[in-house]
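Geometric and topological summary
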Amino acid sequence: MTNLVILVGRIARDPETRTTQGGTSITSISVVTDRPARKDGKTYKDENGYTAKDSEFHRITCFNGLGQNVAKYCTKGQLVSVEGRIHYTQWEDQSGTKRYGCEIIADKVDFLTKGRSGGNEGAPDIDED
């Protein structure tokens with residue numbers, strides 16, 4: 001069985017990093033991907049004459065060294081490739097309502113365009129160790 005996700009898209013907002021009480025570094029990014037929009041099963045043009053697009057936002061979670069490098073080198077608007085796995089969560093909120101979530105746990109992030117100034121010149125593609 002396989003749980004493998006490969007996404008290529010742009011970072012929707014700057015990375016956010018936090019550290020757990022146990023010392024694990026967690027960096028979160030949101031990656032947006034586009035696909036042609038459809039009406040009645042067919043693609044169509046927008047008011048500017050371009051093919052209309054539907055966008056999807058994906059929550060990406062990076063741990064430890066991978067997350068530290070993503071936080072250091074990535075910025076909003078940068079094109080990245082993410083390889084990882086889908087992770088589903090379920091919890092109850094304060095009112096007792098069941099909530100569900102979905103995120104991608106990243107194993108690898110490739111920087112396809114430059115990020116922060118002084119950024120990823122010489123920065124390698126990063127794998128989770």
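Scroll up for the structure.
Every value quoted in this text rests on a predicted model; they were computed, and no experiment measured them. (Residues numbered from 1 in each chain as written. Predicted model: local features only at pLDDT ≥ 70, side-chain atom pairs only at ≥ 80, totals over all residues. Heavy atoms only, no water.)

1. Here we look at the pairing of strand β8 (residues 98-111)
Operational definition: Note on pairing: DSSP must find at least two bridges between two strands before they are called paired. By the criteria applied, helices consist of DSSP H or I runs no shorter than four residues and strands consist of E runs no shorter than two, each listed in order from the N terminus.
Both strand β6 (residues 53-63) and β8 contribute to a ladder of two bridges, which runs parallel. Its bridge partner lying in β8, T61 is registered against I105. With 13 bridges joining them, strand β7 (residues 79-92) and β8 adopt antiparallel strand pairing. From the neighbouring strand, V82 faces β8, where its bridge partner is V109. The loop that links β7 with its antiparallel partner β8 comprises five residues; one of these, G96, has a positive phi angle of about 90°.

2. Digging into the packing of aromatic side chains
Working definition: an aromatic ring pair is given by the centre-to-centre distance plus the angle between the planes. What counts is decided by this rule: Pairing of aromatic rings covers Phe, Tyr and the six-membered ring of Trp, with a centre-to-centre limit of 6.5 Å; geometry is then stacked below 30 degrees between planes, edge-to-face above 60, and tilted otherwise. Only protein chains enter the accessibility calculation, which uses a 1.4 Å probe; a residue whose area is less than 20% of its type maximum is buried, one above 50% is exposed, and one in between is partly exposed.
Evaluation of the coordinates by the stated rule reveals one aromatic pair. Plain terms: the ring middles of Y73 and F111 are 6.1 Å apart, the flat faces sit at 50° to each other, and that makes the pair tilted. Here the residue Y73 occupies a position in helix α1 (residues 64-73), and F111 occupies one in strand β8, the gap between them amounting to 38 residues. When its relative accessible area of 16% is taken as the criterion, Y73 is described as buried.

3. Brief notes about the nonpolar core
In globular proteins that are soluble, nonpolar side chains generally tend to be buried together. Put simply, the rule is: Here the nonpolar core consists of buried residues drawn from Ala, Val, Leu, Ile, Met, Phe, Trp, Tyr and Cys, with membership extended through side-chain atoms lying within 4.5 Å. Throughout, a residue-residue contact means that at least one pair of heavy atoms, one from each residue, lies within 4.5 Å.
Counting 17 residues, the largest nonpolar core has I60, C62, V70, V80, V82, A106 and V109 as the members making the most contacts within it. Of all the secondary structure elements, the ones that give two or more residues to this core are β1 (5-11), β3 (25-36), β6, α1, β7 and β8. The dominant element in this core, judged by the number of residues it contributes, is β8, at four residues. For V80, the contacting residues outside a window of four places in its chain are L7, V8, G9, I11, V31, C74, V109, D110, F111 and L112.

4. A short note on α1
An α-helical segment advances 3.6 residues per turn. Residues three or four places apart therefore align on the same side. Basically, it comes down to this: This arc describes the spread of directions from the helix axis toward the C-beta atoms.
Regarding α1, the residues found buried are L66, G67, V70 and Y73. Buried residues in α1, looked at end-on, bunch into an arc of 150°, giving them a common side.

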